[in-house]
Amino acid sequence: MKSKHLIDLENLSIEELMEIINLANEIKQSPQDYSEVCRGKILATLFYEPSTRTQMSFKTAMLRLGGSIIGFDNPQNSSVSKGESLKDTITVVGGYADIIAIRHSMEGTAGAAALYSAAPVINAGDGGHLHPTQTLTDVVTLYNEKGTLDNMRIGLCGDLKNGRTVHSLIKTLAHFKGNSFVLISTPELTIPQYIKDILNASGSRYTEISSLAEALPLLDVLYMTRIQRERFSSPEAYEKQKGVFVLDREKLKLARKDMKILHPLPRVDEITEEVDYDSRAKYFQQTVYGMYARMALISTMLRHPDRTPHSRVFDTHQVRCSNPRCITSTELYLPKRFRPVGGDMLLCRYCEGRTLI
Ligand code: NCD
């Protein structure tokens, strides 16, 4: 792998991505051949935000590769509760561990952590921004269940604004040929502009609609997501959005017989329990594919480990990112880093939010 860190799946070329998918399948076939490949290596899981699957599948993946694990799943039990900065925590943990998986509620955190870590950093979810290892899970699932990553009509339904799994998945599938997207959400929870820009730049077709029933007959894949309660500004705003999209057995009659249903989980009420027994439901298998995907990723990243500490990075501009959920709004020492995107607009290199000069 050319990139030291995995902050976004864009850090991988399509060839590298396909190698990881194929390796995940090889490991699934013959796990005993891989049970020692990370012997003596340590994974640190730094989870500043709750997690069941991602954290446990990272840990299980490392243990099944023969490695060991350290870390925290509640920052209140670490020096973060004493006010330690992200930079200091990462500098220290980067000296203990061979690889770090980090999850945080602020957008751009993994990219910020990578500036200070001697060990490779994996983004295990940064606020409502990205979740590349969930996408790895999703593409391993799709490749196995559909036999291809091309020419699919993919419906993504639910909280497209705050759902980081949706953002990462679209970014990746837009690179494969012939995919089109049906974006199913309420007007309040539509996909962010930067994802639309990526779809437009890749030439991928997409439509935005608000009816799941209308979309269902068209789809090869339905990717359901929960409404992300923790990312709403108030409980009232969440109450207005919850329960709008529900996939039940009745509605599923509208879908094609070979449609695959994926969901990153956790589910709240957007898929009824009866759907679990439909052969199109793949979301529990998806969690198992996720473990093999993470085994493939960790073993690839540790094959030729790059432990060069990052040299100091400086501001590229003097403005501050205007996104209040950007990690630069809480970790004030972070260098201000932007990319011009035309006109008076700058794109924050941490959170991909836009700021007016
Ligand atoms: C997702 C996440 O954390 O973004 N869960 C996961 O990692 N499998 C989806 C979600 O929380 O809704």
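For the structure itself, consult the block above.
In this report, the structure presented in the accompanying data block is examined. Treat the numbers as computed from the prediction; the structure is a model and nothing was measured. (Residues numbered from 1 in each chain as written. Predicted model: local features only at pLDDT ≥ 70, side-chain atom pairs only at ≥ 80, totals over all residues. Heavy atoms only, no water.)

## Considerations on the pairing of strand β2 (residues 68-72)
- Alignment of strand β1 (residues 42-47) against β2, held across 5 bridges, turns out to be parallel. Within the sheet, the bridge partner assigned to Leu 46 lies in β2 and is Phe 72.
- With respect to chirality, the unit in which β1 leads through helix α2 (residues 53-64) into the neighbouring parallel β2 is right-handed. (Pairing = 2+ DSSP bridges. Helix = DSSP H or I, 4+ residues; strand = E, 2+ residues; numbered from the N terminus. Right-handed = clockwise from strand over helix to strand, strands pointing away.)

## With respect to the site of the ligand
- Within the structure, the ligand sits among Arg 53, Thr 54, Arg 103, His 131, Gln 134, Arg 164, Thr 165, Arg 226, Gln 228, Pro 264, Leu 265 and Pro 266.
- Here an oxygen atom of the ligand and a side-chain polar atom of His 131 are 2.8 Å apart.
- For the ligand, a nitrogen atom lies 2.9 Å from a polar atom in the backbone of Pro 264.
- Surface burial for the ligand is 94%, taken as the share of its 310 Å² of free accessible area covered by protein chains. (Near = heavy atom within 4 Å. Polar contact = N/O pair within 3.5 Å; in protein donor to acceptor, adjacent residues only side chain to side chain. Areas by Shrake-Rupley, 256 points an atom, 1.4 Å probe, with all protein chains shown as cover.)

## Description of the environment of Leu 6
- Locating Leu 6 in the fold gives a position in the segment before α1 (14-29).
- Given a relative accessible area of 0%, Leu 6 falls into the buried group.
- Each C-alpha atom, one on Leu 6 and one on Gly 290, is 16 Å from the other, the two residues being 284 residues apart in sequence.
- Apart from residues lying up to four places away in sequence, Leu 6 is in contact with Met 1, Asn 11, Leu 12, Val 121, Ile 122, Asn 123, Pro 132, Thr 133, Leu 297 and Met 301. (Buried < 20%, exposed > 50% of the residue type's maximum accessible area, 1.4 Å probe, protein only. Contact = heavy atoms within 4.5 Å.)

## Describing the pattern of salt bridges
- According to the stated counting rule, one finds 17 salt bridges in the structure shown.
- Salt-bridge contacts for Arg 280 lead to Asp 278; the nearest nitrogen and oxygen are separated by 2.9 Å. Both residues of the pair, Arg 280 and Asp 278, belong to the buried class. (Salt bridge = Lys/Arg side-chain N within 4 Å of Asp/Glu carboxyl O.)

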